[in-house]
Amino acid sequence: MTAFRWIEGAGGEIVADGKRLEAVAYGPRPDQTPTLVMLHEGLGCVALWRDFPARLAAATGWGVFTYSRAGYGRSDPVALPRPLDYMTREARLSLPAVLAAIGFERGILLGHSDGAAIAAIYAGEHSDERLRGLVLMAPHVFTEPPGLASIAEARRAYETGDLRSRLAKHHAHVDVAFRGWNGAWLDPGFEAWNIEDAVRRWRVPALLIQGADDQYGTLAQIRAIEAGSSAPTERLILEACRHSPQIDQPQATLEAVAAFCAKVRGPPKPRRPSAR
């Protein structure tokens, strides 16, 4: 684990679970305000968040930390095929090291798609008093035939269309990024994947955001989370929005996240006594 040097908007890196990970931070450091830690989707990375992290920092006054998981962006690659429990391993092994590296003191995990699953697993498996809540965008807690069909269509677009060239602009190891995600989800053994048990164990409030036209998941995902969570949940279903609310409906998503952060922030952190 390598401590992260928090410099507004500047690229840096940390080492977590033996992998070098690219990272960028915005806003105040974790010792100054709560922190939003952003977990990207299955084909995402730091760059593909676009300007959303900076806008979140401005809207909330919180620090915002983004990083590319191993195998994505400019981070170190991983061996293929990925294990079918790769999201659980990420929540157990890498994410705790990431939080330690930035000096996380209190805040929220904001996850998109695969990142939402990793955040959900972490919250269900760790009694982390620093965690004030979850923001889960386009979350999935089990597989669905329509979602798997869309993932199969993505494979065809990668192999015969321009998807590979578009992703290569953002991922140094593009085949690792794509095939690690796509190969796991389309493995026959993955059809039984289900993390609803993690939802039942978490004890923090959650904001659930999903596009009404999400091609990778239906509202059954949201309903399952609401039914399973013993902690408060609130939902935002966005019209004219597919799998990426932060891209298709950025302003509505930004406002909802900012309002949720204000609600769960809690009392101010006690000031340390000054040295005399």
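Residues numbered from 1 in each chain as written. Predicted model: local features only at pLDDT ≥ 70, side-chain atom pairs only at ≥ 80, totals over all residues. Heavy atoms only, no water.

Draft legend 1. Local environment of the overall build of the protein chain. Of regular secondary structure, the protein chain possesses 10 helices and eight strands. Here the C-alpha atoms of the protein chain give a radius of gyration of 18 Å, agreeing with the 19 Å that 2.2 N^0.38 yields for 276 residues. C-alpha atoms of the protein chain, sized along the principal axes, occupy 65 × 40 × 30 Å. Scored against the burial criterion, the 276 residues of the protein chain give a buried share of 52%. A fraction of 76% describes how many contacts in the protein chain between residues 6 or more apart in sequence connect residues 24 or more apart. (Helix = DSSP H or I, 4+ residues; strand = E, 2+ residues; numbered from the N terminus. Rg over C-alpha atoms; globule rule 2.2 N^0.38 Å. Buried < 20%, exposed > 50% of the residue type's maximum accessible area, 1.4 Å probe, protein only. Contact = heavy atoms within 4.5 Å.)

Draft legend 2. Summary view of the side chain of T66. For T66, the location among the structural elements is in strand β4 (residues 63-67). Residue classification places T66 among the buried positions, given a relative accessible area of 1%.

Draft legend 3. Representation of the environment of R235 within the structure. Residue placement: R235 occurs in strand β8 (residues 233-238). Non-local contacts of R235, meaning those with residues more than four positions away in its chain, are made with L208, I222, R223 and E226. Within the structure, R235 has its side chain in polar contact with the side chain of E226 (distance 2.8 Å). (Polar contact = N/O pair within 3.5 Å; in protein donor to acceptor, adjacent residues only side chain to side chain.)

Draft legend 4. Molecular detail of the packing of aromatic side chains. On inspection of all chains with the given rule, the structure shows 10 aromatic pairs. Centroid distance F4 to W6: 6.2 Å. Interplanar angle 80°. Geometry classified as edge-to-face. For the pair shown, F4 and W6 are each scored as buried. In this structure an aromatic cluster arises from ring pairing among F4, W6, F65 and Y67. (Phe/Tyr/Trp six-rings, centres within 6.5 Å; stacked < 30°, edge-to-face > 60°.)

Draft legend 5. The arrangement of the pairing of strand β1 (residues 11-16) in detail. Two strands pair when backbone bridges link them, and β1 and strand β2 (residues 19-26) are joined in this way by six bridges, in the antiparallel orientation. Across the sheet, E13 pairs through a bridge with E22, a residue of β2. Counting the residues between successive antiparallel strands, the hairpin from β1 to β2 contains two residues, one of them, D17, with a positive phi of roughly 50°. (Pairing = 2+ DSSP bridges.)

Draft legend 6. Representation of the pattern of salt bridges. If you walk through the whole model with that rule in mind, you get 14 salt bridges. Of the charged contacts, one joins R20 and E13 as a salt bridge, the two residues approaching to 3.5 Å between their closest N and O atoms. On the basis of relative accessible area, E13 is assigned to the partly exposed category, the value being 41%. Linked through salt bridges whose partners overlap, the residues forming this network are R92, E125, D197 and R201. (Salt bridge = Lys/Arg side-chain N within 4 Å of Asp/Glu carboxyl O.)

Draft legend 7. Inspection of the side chain of R69 at higher detail. Looking at where R69 falls in the secondary structure, it is placed in the loop between β4 and α2 (86-102). Within the buried core, R69 has no salt-bridge partner, and the shortest N-O distance to an opposite charge, that of E90, equals 4.4 Å. A distance of 2.7 Å separates a polar atom in the side chain of R69 from the backbone oxygen of H40. (Lys, Arg positive; Asp, Glu negative; His and termini not counted.)

Draft legend 8. Looking closely at the sheet that holds strand β5 (residues 107-112). Spatially, β1-β2-β4-β3-β5-β6-β7-β8 is the arrangement adopted by the eight strands of the open sheet, whose pairing is mixed. With one partner strand each, in any of the chains shown, β1 and β8 form the two edges of the open sheet. Taken over all neighbouring pairs, the strand axes of this sheet differ in orientation by 20° on average, direction set aside. One ladder, built from six bridges, connects strand β7 (residues 206-211) with β8; its direction is parallel. Opposite Q210, over in β8, you have I237 as the bridge partner. (Axes fitted to C-alpha atoms, helices over the stretch in contact; angles between N-to-C directions.)

The values reported here are purely geometric and, on their own, carry no functional implication.
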